[in-house]
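# Survey of secondary and tertiary structure
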Amino acid sequence: MNLKNIKNMIFIVLIFTSMYFLTNLLASDEYFKQANDLYAQKNYSAAAELYQKLVDQGLASKELFFNLSNAYYKNGQVGLASLYNEKAFRVAPRDFDIKYNRKIINKLHDRRFISWLELKAIFSILGGGFFLLLTFSLYFKNRKLFWTKIVIFMLLFITFSCLYYYYYSDYRYPKAIVISHEAIMRAEPNEDSQSLLTILEANQVLIYREKNDWINIYAPDQGIKGWTERTNLGKI
Amino acid sequence: MKLFTKILFFIFLFLTVQLFATGNVSVKASIDRDTATLGERLTYTITVNGLANISAPKVPKVEGLTFSFPIVYQSISIVNGKSVSKSSFQYGVTASNIAEYEIPSFNFRLKGRDHHIPPIKFKVIKNIQRSAREDTVKSNPKKIIQAPLVFVENMVDKRVVYPNEPISMTFKFFRRVNLGSQPKYSPAETRGFLRLDDDENKEFLAERDDQKYYVISQKSILYPATSGIKIISPAIIQAAIAEPSGNNDFWSSGFFAKYKKVTLETKKIQIKVKSLPQGAPQGFTGAVAKDLRMKVKLNPTRGFKQGEPITIEVNLHGEGNIHALLAPELSDFVNFKQYDTVDNIGDGKNFRFILVPKIAGRLHLPALKFSYFDYGKKKYITLTKKLDLIQVRKAEQSATNTAIEKSEFKVLAEDIRFIKEEAKLKYQKDYFKFYLIFPLGIYIFFILLKLFNHFFLHKQDDINRLKSLGIALKKLKKTQVFDVLQVYLKSKLLIQENAISLSQVKAMVPGNIYNEIEVTWNELEYFRFSSHKLTEDERRNIAMDLERKLKKWDSIL
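Residue numbers run consecutively from 1 along every chain, following the written order of its sequence. Numbering of ligands from 1 and lettering of chains from A proceed in the order in which they are written. Selection of residues for local features in this predicted model requires a pLDDT of at least 70, selection of side-chain atom pairs for listing and counting requires 80 or more, and totals for whole chains, interfaces and linings are taken over all residues. Side-chain descriptors were evaluated using all non-hydrogen atoms of the structure, hydrogens and water having been removed beforehand.

The subject of this paragraph is the packing of helix H3 (residues 62-74) of chain A against helix H5 (residues 96-105) of chain A. Residue and element names in this part refer to chain A. The axes used here are C-alpha line fits, helices contributing only the stretch in contact, and every angle between their N-to-C directions lies in the interval 0 to 180 degrees. Helix and strand labels come from DSSP, where a helix needs a run of H or I of at least four residues and a strand needs a run of E of at least two; each type is numbered from the N terminus. Contact geometry of H3 with H5 gives a least axis separation of 11 Å together with a crossing angle of 30°. One element, H3, and the other, H5, form an angle in the roughly parallel class. Like other packed secondary-structure pairs, H3 and H5 cross with a definite hand, here left-handed. The segment H3 lies against H5, with Lys62, Phe66, Ser69, Asn70 and Tyr73 engaging Asp97, Ile98, Asn101, Ile104 and Ile105. Just so you know how the angles are binned, under 35 degrees is roughly parallel, over 145 roughly antiparallel, 65 to 115 roughly perpendicular, and the rest oblique. Should the near helix be turned anticlockwise from the far one by less than a right angle, the crossing is left-handed, and should it be turned clockwise, the crossing is right-handed. Whether two residues are in contact is decided by their heavy atoms: any pair within 4.5 Å suffices.

Below is the structure:
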């Protein structure tokens, strides 16, 4: 195989790959519209199925999560509705519709002035800017540049402190939502173990660790820690 | 003397404690069962609180009863720093006949005081196992084998009902033999019914097929939730029963009897729940009951004020599933603001409507209407109650008016928002890491570059050469190559002045090198001031020639 053939092959592969992704994206848009139509026709289970297909493909947007949550809610699957509403809230914490639905579905109110995602964005941008300034100052000595660096560093420190506080209070342990009708919390990761607590659908728990098909969870309201089967939970 | 005082003090203390102790003495008597079978032993207990180390009381003689010697229990405990003494005397009591007995009251003298012990009654009945067998043997000897020793039944009073119409279900456990242990009972499953069980079980003697049975029954009321065919599954009871030996001797009954485990099951019951008939009145909410009555009361009954709440207390009572009744309908109440209705169960179902008059004047209180299906009369009935006109006085503060005006908007219900129809679908990526990591990468790259310059290009000569060469190539474009030479010489010979002359160079370099420098100097100066425009090749040649010379001088200078 000569060089020309290799070049041609690479070109063909590139063309097909681009076509595949383009077709996929167009098909996804079409699926999304179809799902919306099904929802409008009150065929909530079929709509949820289509939205879920898009999510399973790795697509993500606040609209997709929001609509999927709505479809599950209308279909009576409160646990899954709660899970996807929480995912939508993480993507777009300032969206009024998502916040409103969260109040109804999850019975949760957002008390934070600024969200984790926004704080992360600010930290990334400040951090990026700080490193660029450091790079400039390797070659240019300037008094103004020095003070700018000091101010950005202080802002960066404040943002990092907030981020750490958020992490410690909310994100240290991953959260999950009970998606089955009820999840039985057991003392050990096996079915013969003592039942400690029954957690009803749509309640939030913290994940401590995982072992095969079992997850070690903590119910913060009851202060009880135990194991439940993986199928009972949906990670946010 | 001191010792004598101490002894006196302790005697005084002891007497005080004794006096205090005897001051709180109480005596009680009890018996472990109200009813016993003939030959069974009962336990009669007399408890004395507040005293220990006392002799047993003398129980009066009762005809037909034998009292055993008492077993004495004594205890002293300390509660909240005080010692509490307790004594109890347990007598075994055996009756010789079937009868109602009474242990009469008597006085128990303790520390010089008489304490009254109240009378206690109990009943002694036939031994079921023995009496049943005796009766059967007398009347029909074969029946003792045919008639079951134990059996269960589950009965309902109706098999065709309407939704929410009560069904009485009675479970009965019949036995004519003694049980070895407490039976294990699994009640019938009643899916599709609201079930209310009686708190207490009934126990009585009953006759079936000429046999006497001891019966335990439990009653439940079932309310079917929806129409359709409903099944009441069998109730199961597991018990250890005494095996009859046929001998009426001591070794075949009581403690020495042989027991076997049996599992008894009731029959499945099918209930047909009919749909409610057509023609339900407007406002009918599915209530089913019998002979419902509605009572209405106002609170306060007079002196109504604008902005102050009026409570309408409604009581619905009758037969049926009263718990399931919803609040009656209130007719138009434009001039009133209604708050949440409160309900509770008492004598029937009670509802409290809280209304606040928005305006002053003579106002009609809303009428109350309640429709239900009467399963006794098999028809829909609507109960209506009209309330009087009331005189509402004007509010004293204007703030109430404002509050009422603001509450004109009424939230009817809450639901989630509609879906979003436009979306920008994309694959999940965390861009923020890129924003942070990319500048960090740039910074690290330049740090490394600096370190490389510092450690690997540390030879000043190389730095000078490369600097000069770089400047030369840059200047070459401007045909100012002469400057390149000047910069190189200044840097190489460490000359601080801005301008440099050949005489300065001559004084600092060896003669042969100076000659070469002078030639190059003059050549480049010529190019510098010449009007001739250099071609691309000429520029490249000059640069290469200069680079070659600089390398050569570098090794010498």
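Residue and element names in this part refer to chain A. Definition used for salt bridges: Asp or Glu carboxyl oxygen within 4 Å of a side-chain nitrogen of Lys or Arg. Throughout the structure, instances matching the rule amount to 20 salt bridges over all chains. Lys62 is paired through a salt bridge with Asp95; the nearest N and O atoms lie 3.0 Å apart. Of the two residues, Lys62 sits in helix H3 while Asp95 sits in the loop between helix H4 (78-91) and H5, which places them 33 residues apart along the sequence. Only protein chains enter the accessibility calculation, which uses a 1.4 Å probe. A residue is then buried if its area is under 20% of the maximum for its type, exposed if over 50%, and partly exposed in between. Here Lys62 falls in the partly exposed class, since its relative accessible area comes to 28%. In this structure, the salt-bridge partner of Arg230 is Glu210, at a minimum N-O distance of 2.9 Å.

Attention now moves to the packing of aromatic side chains. We describe a pair of aromatic rings using the distance from one ring centre to the other and the angle between the two ring planes. Only Phe, Tyr and Trp rings take part, Trp by its six-membered ring, and two of them pair if their centres are within 6.5 Å. Stacked means planes under 30 degrees apart, edge-to-face means over 60, and tilted covers everything else. Per the stated rule, a full pass over the model turns up 29 aromatic pairs over all chains. Aromatic pair A:Phe130 and A:Phe153: ring centres 5.7 Å apart, planes at 40°, arrangement tilted. Separated by 23 residues along the polypeptide, A:Phe130 in helix H6 (residues 116-137) and A:Phe153 in helix H7 (residues 143-171) bring together distant segments of the chain. Aromatic pair B:Tyr162 and B:Phe373: ring centres 4.7 Å apart, planes at 65°, arrangement edge-to-face. Residue B:Tyr162 is located in the loop between strand S12 (160-161) and strand S13 (167-175), and its partner B:Phe373 is located in strand S30 (residues 368-374); the two are separated by 211 residues in the primary sequence. Taken as a pair, B:Tyr162 and B:Phe373 share a single burial class, namely buried. Its guanidinium or amino end placed over the ring of A:Tyr100, B:Arg417 lies 3.8 Å from that ring's centre, counting from NZ or CZ. It is B:Lys420 that lies over the ring of A:Phe66; its NZ or CZ is 5.0 Å from the centre. Only lysine NZ and arginine CZ atoms are considered, and such an atom sits over a ring when it is within 6 Å of the ring centre and within 35 degrees of the ring normal.

Note on placement: A:Asn101 falls in helix H5. The class of A:Asn101 is buried, set by a relative accessible area of 0%. If near-sequence neighbours (up to four positions away) are discounted, A:Asn101 is found in contact with A:Phe66, A:Asn70, A:Asn85, A:Asn106, B:Ile416 and B:Arg417.

Residue and element names in this part refer to chain B. Whether two strands pair depends on DSSP finding at least two bridges between them. One open sheet accounts for three strands, arranged S23-S32-S29; its pairing is mixed. The open sheet has two edge strands, strand S23 (304-305) and strand S29 (361-364), and neither has a second partner. In terms of strand pairing, S29 meets strand S32 (residues 389-393) through four bridges, oriented antiparallel. By the bridge assignment for S32, Leu363 is matched with Ile390.

What follows deals with the interface of chain B and chain A. Contact residues are listed per partner, giving 27 residues for chain B and 42 residues for chain A. Along the contact surface separating chain B from chain A lie three salt bridges. The salt bridge involving B:Arg417 is made with A:Asp97; its shortest N-O contact spans 3.0 Å. Listing elements by their share of the side of chain B that touches chain A, those giving two or more residues are strand S33 (426-427) and helix H5 (431-456) of chain B. Sorting elements by how many residues they give to the side of chain B that touches chain A places H5(B) first, with 11 residues. Note on residue categories: nonpolar means Ala, Val, Leu, Ile, Met, Phe, Trp, Tyr, Cys or Pro, charged means Asp, Glu, Lys or Arg, and polar means any other residue, Gly included. Split into classes, the residues belonging to the side of chain B that touches chain A amount to 16 nonpolar, one polar and 10 charged.

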